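The residues making up each chain are set out below.
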Amino acid sequence: MKILAALGTTSQDAFVVNEVARLAGNTWADVTLLGVETGTSPEIPPFSASFRSDESHPLVQSLRGLRGRFLSRFKAEESPYMETVVDHELVEVESNLWEDLNVLRSARKQLVTRIRPGNAARSILAEARQFPCDLIVIGSSLDGDGNDIGRICRKVIHEAGTSVLVIAKTKLPQRIVACLDHDRVSQHSLEIINQMVTLYQADLEIVGVSTVETLPGEIDDKMGQILKYYAQNGIRTLVRSVPRTSLEAFAAQASRENLVALWMGRQSRLHRFITPRSMDRLLDNSDYSVLILR
Amino acid sequence: MIRTLVSVYPNIASVIAMNYACGLSQVIDMEIQPIFVKEPEPETEAPGVGWVRRTWENSLLDTERDAIDRLIEAERSHCANLARAQVLFGKRDNAILSNLMGGTYDLFVEGSLAGFEKSEFEQRVGSELYRNLPCPVIIARNLIQLQKVLVVFDEEINIGNLLHRLTNLFDGTRFRFDLLYYRFSGAGISVDPIDGAEDLFPEVEAVLSPHGWKPENRLALQGSPQGLVRRIQDYSLIVTCLPQRMGPDSSLVQLLGDTFSPILLFRQ
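None of the values given here were measured: they were computed from a predicted structure.

## Observations concerning the overall build of chain A
Turning to step 1, where the next piece is worked out: Counting its secondary structure elements, chain A contains nine helices and 12 strands.
Turning to step 2, where the next piece is worked out: C-alpha extents for chain A along the principal axes are approximately 75 × 60 × 30 Å.
Turning to step 3, where the next piece is worked out: Here chain A holds 294 residues, and 41% of them are scored as buried.
Turning to step 4, where the next piece is worked out: In chain A, the share of contacts with a sequence separation of at least 24, taken over all contacts with a separation of at least 6, comes to 77%.

Pasting the structure below:
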């Protein structure tokens, strides 16, 4: 798995990094910590090439601090991200001749730290295009000056071709509520849900989005397959059917107590029932994270 | 042995119903008869009679029959007394009611996904089938193994009568259960105990003792529907009576409409 975490200079970033570290610890993911500009001020000037030699720029300082925080979440001897480990290993170099060799081990998984200055949303999307990942993680208060919290998240959600986890505030959910309106659900997205459930020790609720009267057959079938998959993985899974005309209201209600996941993708029409405005409201008002699955 | 009719259809609700019934059969002596009723398309008129009609019906049933057979066979390994599916053609609720009215069944099980609007649950329990059920019904909502049961009543339900019917149905079986008297009050999610609750359980001992049943807890709680639903969400079966009243005035409909747990309903 490859995770891209977009970070700025806000106070929420520490929580975001903690969550990324927990997820990475469970999945042994390759991780990119991407510093993006969330707005400028006298204290936080725009990042430019002149700052290469001067490492005192707040974004650089923040990113390095967050990297340290990420690495500190792992015990040194167990961390897959430790860059160099000097060890001694007894090796039989010839028959009946053993040498205690000095061994250098590189990190088993990648931890990359980058900065992309400029428009934050475009920077995140450019990074995801150039270095494809399985999951983009952003904090809902990425835009540190408090204006239009959903603007960056919405652009990334709608234009990224991969799953996006928007981490809201600092509450941990008791249930993951995952909504689907199509049957092309990737194994990869099932795994992400699996990880969310494990991470938060949460219940799982699968919500099939129905037409006005009934749940379409292909969605019904897919829900049955998903139910069996998670039951075999020992995850308590509940099921529900919600008419598409009520989806917006349902998602808003669910987000007040749970992490809402939406299985969007090329086959999905959820964007018709959860408009950009209602997505903004969802992100603004939710006390919990929102996960867009592709 | 409890003779149980289980409504099946090639959908997830039926997977849940079959799985739940078979799970019950591992703790309760049960014989399970699945029933599949194929409803004709509204615009389709059945041709002729006799052999012609049967051939036409069979052609419509073939695809679904395979799916039903697969659904049932998936459960057979952990379900000792599981009959082959009875396949009928016609109006679903009418066919099921007709079977139940034949008097050979002690329990009816059907699957139903939880919805968002309570009206869906209300419509079902207010249907002609439910209003005329000759036996109790289990609405199986999720894949939940039977662990602890909650018997729920309010001021409109005679708890002695409910327990009497429950012990008769499951005579000889022991499972862990609690009793809950509830009352709606207030808003938010807080739930508070009701003072002086001992008087709310007058006939419990007299009904339960002869069967060797004993509740682990007797709870008397008041709160909002939302709060009470949270309180009961960990029980693997909710037992109560069919609501007498429907609509927003019915506290029982509000309580049951939102619960994820399977529900066992007796007629009052």
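## Details of the domain arrangement of chain A
Residue and element names in this part refer to chain A.
Turning to step 1, where the next piece is worked out: When its domains are assigned, chain A resolves into domain 1 (1-79 + 110-167) and domain 2 (169-294).
Turning to step 2, where the next piece is worked out: Each of domain 1 and domain 2 has a C-alpha centre, and these two points are 25 Å apart.
Turning to step 3, where the next piece is worked out: Listed per partner, the contact involves 20 residues of domain 1 and 18 residues of domain 2.
Turning to step 4, where the next piece is worked out: Elements that contribute at least two residues to the side of domain 1 that touches domain 2 include exactly helix H1 (13-27), helix H4 (149-159) and strand S7 (163-167).

## Examining the packing of helix H8 (residues 225-232) of chain B against helix H9 (residues 251-258) of chain B
The axes of two packed helices give the description: the angle between them and the distance between them.
Residues and elements named next belong to chain B.
Turning to step 1, where the next piece is worked out: Put simply, H8 and H9 touch, their axes get as near as 9 Å, and they point 50° apart. One finds that H8 runs oblique with respect to H9. In the crossing of H8 with H9, the sense of the turn from one axis to the other is right-handed. Where H8 approaches H9, its residues Pro225, Leu228 and Val229 are matched on the opposing element by Gln254, Leu255 and Asp258.
Turning to step 2, where the next piece is worked out: When grouped by side-chain class, the residues that make up the contact of H8 with H9 number four nonpolar, one polar and one charged.

## Some thoughts on the domain arrangement of chain B
All names here are of chain B.
Turning to step 1, where the next piece is worked out: Partitioning chain B into structural domains gives domain 1 (1-143) and domain 2 (144-262).
Turning to step 2, where the next piece is worked out: Computed over C-alpha atoms only, the centres of domain 1 and domain 2 are separated by 27 Å.
Turning to step 3, where the next piece is worked out: The interface is formed by 22 residues belonging to domain 1 together with 17 residues belonging to domain 2.
Turning to step 4, where the next piece is worked out: If you list the elements that add at least two residues to the side of domain 1 that touches domain 2, you get helix H1 (12-25), helix H4 (118-125) and strand S5 (137-140).
Turning to step 5, where the next piece is worked out: With four residues, the top contributor of residues to the side of domain 1 that touches domain 2 is H4.

## Brief notes about unusual backbone geometry
Residues and elements named next belong to chain A.
Turning to step 1, where the next piece is worked out: Phi at Trp28 takes a positive value of approximately 50°, unusual for a residue other than glycine.
Turning to step 2, where the next piece is worked out: With respect to the helices and strands, the residue Trp28 is situated in the loop between H1 and strand S2 (30-36).
Turning to step 3, where the next piece is worked out: When the 12 C-beta atoms within 10 Å are taken as the criterion, Trp28 is described as exposed.

## Some thoughts on the environment of A:Val209
Residues and elements named next belong to chain A.
Turning to step 1, where the next piece is worked out: Locating Val209 in the fold gives a position in strand S9 (residues 203-210).
Turning to step 2, where the next piece is worked out: Taking the number of C-beta atoms within 10 Å as the measure of exposure, Val209 has 25 and is therefore buried.
Turning to step 3, where the next piece is worked out: For the pair formed by Val209 and Ala251, sequence separation is 42 residues and the distance between their alpha carbons is 11 Å.
Turning to step 4, where the next piece is worked out: Excluding its chain neighbours within four sequence positions, the residues that come into contact with Val209 are Cys179, Leu180, Asp181, Val242, Arg244 and Leu247.

## Thoughts on H1(A)
All names here are of chain A.
Turning to step 1, where the next piece is worked out: Taking 1.5 Å per residue, 15 residues should reach 21 Å; H1 reaches 21 Å between its end C-alpha atoms and fits that length.
Turning to step 2, where the next piece is worked out: Within H1, burial applies to Asp13, Val16, Val17, Glu19, Val20, Ala21, Leu23, Ala24 and Thr27.
Turning to step 3, where the next piece is worked out: At its buried positions, H1 is contacted by strand S1 (2-7), S2, helix H2 (58-72), strand S6 (135-139), S7 and helix H5 (187-200).

## With respect to the sheet that holds strand S7 (residues 176-184) of chain B
All names here are of chain B.
Turning to step 1, where the next piece is worked out: As summarised here, the arrangement of the 11 strands in space is S3-S2-S1-S4-S5-S11-S10-S6-S7-S9-S8, forming an open sheet in which the pairing is mixed. Edge strands, defined here as strands with exactly one partner in the open sheet, are strand S3 (86-89) and strand S8 (191-193). Between one strand axis and the next, the sheet turns through 25° on average, direction left out of account.
Turning to step 2, where the next piece is worked out: Summarising the sheet, strand S1 (residues 2-7) and strand S4 (residues 107-111) pair through three bridges and their orientation is parallel. Within S4, the position partnered with Thr4 by the bridge is Leu107.
Turning to step 3, where the next piece is worked out: Set on the sheet, H1 makes contact with S1, strand S2 (30-38), S4 and S5; between it and S4 the angle comes to about 140°.
Turning to step 4, where the next piece is worked out: Against the sheet, helix H3 (residues 92-101) engages S1, S2, S3 and S4, with an angle of about 150° to S2.

## Remarks on the interface of chain A and chain B
Turning to step 1, where the next piece is worked out: Each side of the interface is counted separately: chain A has 12 residues, and chain B has 11 residues.
Turning to step 2, where the next piece is worked out: Considered class by class, the residues forming the side of chain A that touches chain B number seven nonpolar, three polar and two charged.

## Some details on the sheet that holds S1(A)
All names here are of chain A.
Turning to step 1, where the next piece is worked out: The strand order across the open sheet formed by 10 strands is S5-S2-S1-S6-S7-S12-S11-S8-S9-S10, and the pairing between neighbours is mixed. Unpaired on one side and paired on the other, strand S5 (111-116) and strand S10 (237-243) mark the two borders of the sheet. Each adjacent strand pair in this sheet contributes to an overall mean axis angle of 20°, direction not counted.
Turning to step 2, where the next piece is worked out: Across six bridges, strand S8 (residues 175-180) lies against S9 in parallel orientation. Paired with Ala178 across the strands is Ile206, a residue of S9.
Turning to step 3, where the next piece is worked out: Relative to the sheet, H5 contacts S6, S7, S8, S9, strand S11 (259-263) and strand S12 (290-293), its axis offset from that of S8 by approximately 160°.

Parameters at a glance
Residues numbered from 1 in each chain as written. Chains lettered and ligands numbered in written order. Predicted model: local features only at pLDDT ≥ 70, side-chain atom pairs only at ≥ 80, totals over all residues. Helix = DSSP H or I, 4+ residues; strand = E, 2+ residues; numbered from the N terminus. Buried ≥ 20, exposed ≤ 12 C-beta atoms within 10 Å, placed from the backbone. Contact = placed C-beta atoms within 7 Å. Domains from an automatic or database assignment. Axes fitted to C-alpha atoms, helices over the stretch in contact; angles between N-to-C directions. Parallel < 35°, antiparallel > 145°, perpendicular 65-115°, else oblique. Left-handed = near helix turned anticlockwise from the far one by under 90°. Nonpolar A, V, L, I, M, F, W, Y, C, P; charged D, E, K, R; others polar. Expected span 1.5 Å × (residues − 1). Pairing = 2+ DSSP bridges.

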